[in-house]
Amino acid sequence: MTKHFLTLADMSPADLGRHLKRAIKLKADTLAGKRNKSLEGKILGLVFEKPSLRTRVTFEVGMRQLGGDSIYLSAQEVQLGVRESVADVARNLERWVDGIVLRTFRHEVAEELARNSSIPVINGLTDLVHPCQVFSDMLTVLEKRGRLKGVRVGYVGDGNNLANSWLLGAAMLGMELTVACPKGYEPDRSVLRDAKKRAKETGAKITIAHSPEKAARNADVLYTDVWTSMGKEKEGARRRVAFKGFQVNGALVAAAKKDVLVMHCLPAHRGEEITDEVLDGPNSIVFDQAENRLHAQKVLLEALLGGRKKKKATRGK
Ligand code: CP
Ligand code: NVA
């Protein structure tokens, strides 16, 4: 694995498999009450320019469970690139903390922070990708289905950060993914190109479609996310029109396999991309997904922060 985790492509498919195995073990240990203090004395800095429930809480709890601690910095405090440059923020934080989770808008800001940082930077969501979410979703699917290769995933909705990370993850793990989105809301072109290239090596099948039924047909997993992501609120009204018909409801679930797993990264906009009936229904595993953020990310923390020495602080004369 590379020093930073900005996208799933920062792991090799072998790393991904190894880390998922480790997550299963770490989760079992945690649930059995076994404590592993592998990050004792380490501090994680969370720089969040967008709101968060799951990502913030799971990283903070994960650090404490591993014997470390964390500090949360909201958009008002840091003001990346406004109050001071992104590079200078990195040059400060690396003197005090052992790793950074960044949630921001433009993916290039995460790349810039990482480029200037001697400590690991973990992407806690950018407009482009949400790798921590999909990494832990892979753990959830693996637990529920016992395998990932060949699992058929139908993603219905916006070709957003979640869809982009799913494209990469599915391609790396040999899954069959159909993304169904309205015209004009397709996933990022360069991510799609990369995923298709990787799919050739792993036997994954990647399809972009414009019919939700096509994605749902025979699906083992039906995945959706909000129509309007953080930062796109001004487009809300237009999107509600464009995405009409792209709702995961009872009829769509009926088109999938009988035991289809309904997944959503949350937060959900009930009544828009998903109905209450489905979100609270027997196929829904959304809160298991949320739980697994904790277990999966602890593996990332161990892999990235464990055993790594901070850049030496200067000493006074
Ligand atoms: N799924 C997810 O990342 O949730 P938060 O935005 O609450 O962190
Ligand atoms: N696509 C959503 C995911 C939230 C976890 C957003 O970016 O707002």
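Preceding this section is the structure that the text describes.
Novice: Account for the pairing of strand β2 (residues 69–74), with residues named and values stated.
Specialist: Relative to β2, strand β1 (residues 43–48) runs parallel, the two being bridged by 6 bridges. Opposite Leu46, over in β2, you have Tyr72 as the bridge partner. Handedness of the β-α-β unit built from β1, helix α2 (residues 54–65) and β2 comes out right-handed.

Novice: Tell me about a nonpolar patch on the surface, and name the residues and values.
Specialist: There is a patch of nonpolar side chains on the surface, built from Leu53, Val57 and Val61 and spanning about 240 Å² of accessible area. In this structure, Val57 sits in helix α2.

Novice: Now, about the pairing of strand β8 (residues 221–224): what can you tell me, with residues and values included?
Specialist: The alternating pattern of β8 places Val221 and Tyr223 and Leu222 and Thr224 on opposite faces, both of which are buried. As defined by bridge partners, strand β5 (residues 152–156) adjoins β8 across 4 bridges and the pair is classed as parallel. For Val156, the partnering residue across the bridge sits in β8 and is Thr224. Pairing geometry for β8 and strand β9 (residues 261–264), over 4 bridges, is parallel. The residue of β9 that forms the bridge with Val221 is Leu261.

Novice: Tell me about the packing of helix α1 (residues 13–31) against helix α6 (residues 131–145), residues and numbers included.
Specialist: Here α1 crosses α6 at 70°, and the two axes come no closer than 10 Å. When the interaxial angle is binned, α1 and α6 end up roughly perpendicular. Here α1 and α6 pass one another in a crossing that is right-handed. Mapping the contact onto sequence places Leu16, His19, Leu20, Ala23, Ile24 and Lys27 in α1 and Phe135, Met138, Leu139, Leu142 and Glu143 in α6. Tallied by class, residues from the contact of α1 with α6 come to 8 nonpolar, 1 polar and 2 charged.

Rules of the game
- Residues numbered from 1 in each chain as written.
- Chains lettered and ligands numbered in written order.
- Predicted model: local features only at pLDDT ≥ 70, side-chain atom pairs only at ≥ 80, totals over all residues.
- Heavy atoms only, no water.
- Pairing = 2+ DSSP bridges.
- Helix = DSSP H or I, 4+ residues; strand = E, 2+ residues; numbered from the N terminus.
- Right-handed = clockwise from strand over helix to strand, strands pointing away.
- Patch = residues over 30% accessible without salt bridge, like charges linked within 9 Å, V, L, I, M, F, W, Y side chains within 5 Å.
- Areas by Shrake-Rupley, 256 points an atom, 1.4 Å probe, with all protein chains shown as cover.
- Salt bridge = Lys/Arg side-chain N within 4 Å of Asp/Glu carboxyl O.
- Buried < 20%, exposed > 50% of the residue type's maximum accessible area, 1.4 Å probe, protein only.
- Axes fitted to C-alpha atoms, helices over the stretch in contact; angles between N-to-C directions.
- Parallel < 35°, antiparallel > 145°, perpendicular 65-115°, else oblique.
- Left-handed = near helix turned anticlockwise from the far one by under 90°.
- Contact = heavy atoms within 4.5 Å.
- Nonpolar A, V, L, I, M, F, W, Y, C, P; charged D, E, K, R; others polar.

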